[in-house]
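Observations on the model geometry
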Amino acid sequence: MKAESTSVRTRRAIIQYLKQEGAADAETLASHLNITAMAVRQHIYALQKEGLVTYQKEARPMGRPAKLWELTPAADHFFPDRYAELTLCLINSMKEAFGEEGFDRLLEVRTREQIQAYRAIMPRHAPLQQQLEALAVRRTEEGYMAEVTAQADGTFLLAEKHCPICAVATACTGLCRMELEIFQVVLGKDVSIERIEHILEGDRRCVYLVIST
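The text that follows walks through the structure, step by step, so that each part is easy to find.

Rules used in this analysis
- Residues numbered from 1 in each chain as written.
- Predicted model: local features only at pLDDT ≥ 70, side-chain atom pairs only at ≥ 80, totals over all residues.
- Heavy atoms only, no water.
- Helix = DSSP H or I, 4+ residues; strand = E, 2+ residues; numbered from the N terminus.
- Buried < 20%, exposed > 50% of the residue type's maximum accessible area, 1.4 Å probe, protein only.
- Contact = heavy atoms within 4.5 Å.
- Areas by Shrake-Rupley, 256 points an atom, 1.4 Å probe, with all protein chains shown as cover.
- Lys, Arg positive; Asp, Glu negative; His and termini not counted.
- Charge placed at Lys NZ, Arg CZ, Asp CG, Glu CD.
- Phe/Tyr/Trp six-rings, centres within 6.5 Å; stacked < 30°, edge-to-face > 60°.
- Lys NZ or Arg CZ within 6 Å of the ring centre and 35° of its normal.
- Expected span 1.5 Å × (residues − 1).
- Axes fitted to C-alpha atoms, helices over the stretch in contact; angles between N-to-C directions.
- Parallel < 35°, antiparallel > 145°, perpendicular 65-115°, else oblique.
- Left-handed = near helix turned anticlockwise from the far one by under 90°.
- Nonpolar A, V, L, I, M, F, W, Y, C, P; charged D, E, K, R; others polar.
- Salt bridge = Lys/Arg side-chain N within 4 Å of Asp/Glu carboxyl O.
- Pairing = 2+ DSSP bridges.

What follows deals with the overall build of the chain. Regarding its fold elements, the chain presents seven helices and six strands. Along the chain direction, N to C, the helices and strands of the chain fall in the order α-α-α-β-β-α-α-β-β-α-α-β-β. Taking the principal axes of its C-alpha atoms as reference, the chain extends roughly 55 × 45 × 35 Å. A burial count over the chain gives 39% of its 213 residues as buried. Look at the contacts in the chain between residues 6 or more apart in sequence, and 48% of them connect residues 24 or more apart. Entry remark: accessible area of the chain is about 12,700 Å², with carbon and sulfur atoms responsible for 52%. The average position of the 26 basic charges and that of the 29 acidic charges among the side chains of the chain differ by 6 Å.

Dropping the structure here:
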């Protein structure tokens with residue numbers, strides 16, 4: 001039983017790493033988990049049999065191509081989904097009760113509430129990076145696994161590695177559109193924001209390029 005429990009923890013750690021960091025080879029995973037590459041391969045092949053991971057081959061300067069392992073959509077159930085099925089039912093009911101125009105007004109109310117909530121935790125006169133980091137902390141609390149990266153050219157990337165409302169956003173694209181608008185309003189008119197990666201378009205994460213104008 002102890003060995004089985006250890007295997008489960010290791011496999012979940014692999015899933016967590018691939019979700020956080022993206023595709024990785026066995027050696028990288030072994031270094032992170034402090035186990036041998038051979039042990040990692042045993043776990044990764046077990047995850048592959050369950051349909052939770054797949055791989056792409058990457059050419060290397062020497063030797064055979066490396067296998068870069070990544071999660072499949074089947075692994076999404078390991079991460080919070082915010083009761084997607086119930087929410088989808090509620091959305092459909094609201095559209096039926098209020099029509100598309102009424103539903104859009106409800107989304108506008110939600111948008112205003114989110115703007116107020118994010119403004120409340122935003123360090124008002126702090127540098128842009130600190131504002132983004134405060135926003136990332138709040139988004140992570142909401143299940144988005146967000147982080148901020150400062151780039152050499154002075155721009156920033158706000159990356160969200162998980163979408164806890166993905167199923168809902170697929171059915172209601174207005175949610176994604178309004179999230180971009182929310183970020184813009186909260187950060188202010190002196191900041192330009194562009195979504196450059198999008199989970200709903202097949203990317204493994206949502207990434208926003210943030211530029212101080």
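The rest of the description comes next.
This brings us to the packing of aromatic side chains. Scanning the entire structure with this criterion turns up three aromatic pairs. Aromatic side chains Phe-183 and Tyr-208 sit 5.1 Å apart centroid to centroid with 85° between the ring planes, which places their arrangement in the edge-to-face category. Remark: Tyr-208 occurs in strand β6 (residues 206-212) and Phe-183 occurs in helix α7 (residues 174-187); sequence separation between them is 25 residues. Taking the relative accessible area as the measure of exposure, Phe-183 reaches 1% and is therefore buried. Connected via pairs of aromatic rings, a cluster forms that spans Tyr-45, Tyr-55 and Trp-69. For the cation-ring pair, Lys-67 lies above Tyr-55, with the distance from its terminal atom to the ring centre recorded as 4.6 Å. For Arg-139, the ring lying beneath its charged end belongs to Tyr-144, and the centroid distance is 3.7 Å.

Here the focus is α7. Taking 1.5 Å per residue as the helical rise, α7 with its 14 residues ought to reach 20 Å, and the 20 Å between its terminal C-alpha atoms agrees with that figure. Three or more residues of α7 are buried, namely Gly-174, Leu-175, Cys-176, Met-178, Glu-179, Ile-182, Phe-183, Val-186 and Leu-187. Gly-188 occupies a position one or two residues after α7 and carries a positive phi of about 100°.

Another point: the packing of helix α5 (residues 128-141) against α7. The geometry of α5 relative to α7 is characterised by a closest axis approach of 11 Å and an angle of 140° between their N-to-C directions. One way to sum up the angle between α5 and α7 is to call them oblique. The two elements α5 and α7 meet at a crossing, and its hand is right-handed. Of the residues in α7, those touching α5 at Leu-128, Gln-131, Leu-132, Leu-135 and Arg-139 are Glu-179, Phe-183 and Leu-187. Classifying every residue of the contact of α5 with α7 gives five nonpolar, one polar and two charged.

Going through the model one piece at a time under the given rule, you end up with eleven salt bridges. Note that Arg-60 is salt-bridged to Asp-25, the shortest N-O span being 3.2 Å. With Arg-60 in the loop between β1 (53-58) and β2 (66-71) and Asp-25 in the loop between α1 (2-21) and α2 (26-33), this pair connects stretches of sequence that are 35 residues apart. Taking relative accessible area as the criterion, Asp-25 reaches 9% and is therefore assigned buried. Between Arg-139 and Glu-142 there is a salt bridge, and its shortest N-O distance comes to 3.8 Å. Both residues of the pair, Arg-139 and Glu-142, belong to the buried class.

Before going further, it helps to spend a moment on the sheet that holds strand β5 (residues 191-197). Across the sheet, which stays open at both edges, the four strands sit in the order β3-β4-β6-β5 with antiparallel pairing between neighbours. Whereas interior strands pair on both sides, the edge strands pair on one side only; in this sheet they are β3 (146-150) and β5. Put simply, the sheet's adjacent strands are angled 20° from each other on average, direction ignored. Of the pairings in the sheet, the one linking β5 to β6 comprises six bridges and is antiparallel in character. Bridge assignment links Ser-192 to a residue of β6, and that residue is Ile-211. The strands that α5 touches are β3, β4 (156-160), β5 and β6; relative to β3, the one it contacts most, it runs at about 160°. The sheet contacts of α7 involve β4, β5 and β6, and relative to β5 the element is tilted by about 150°.

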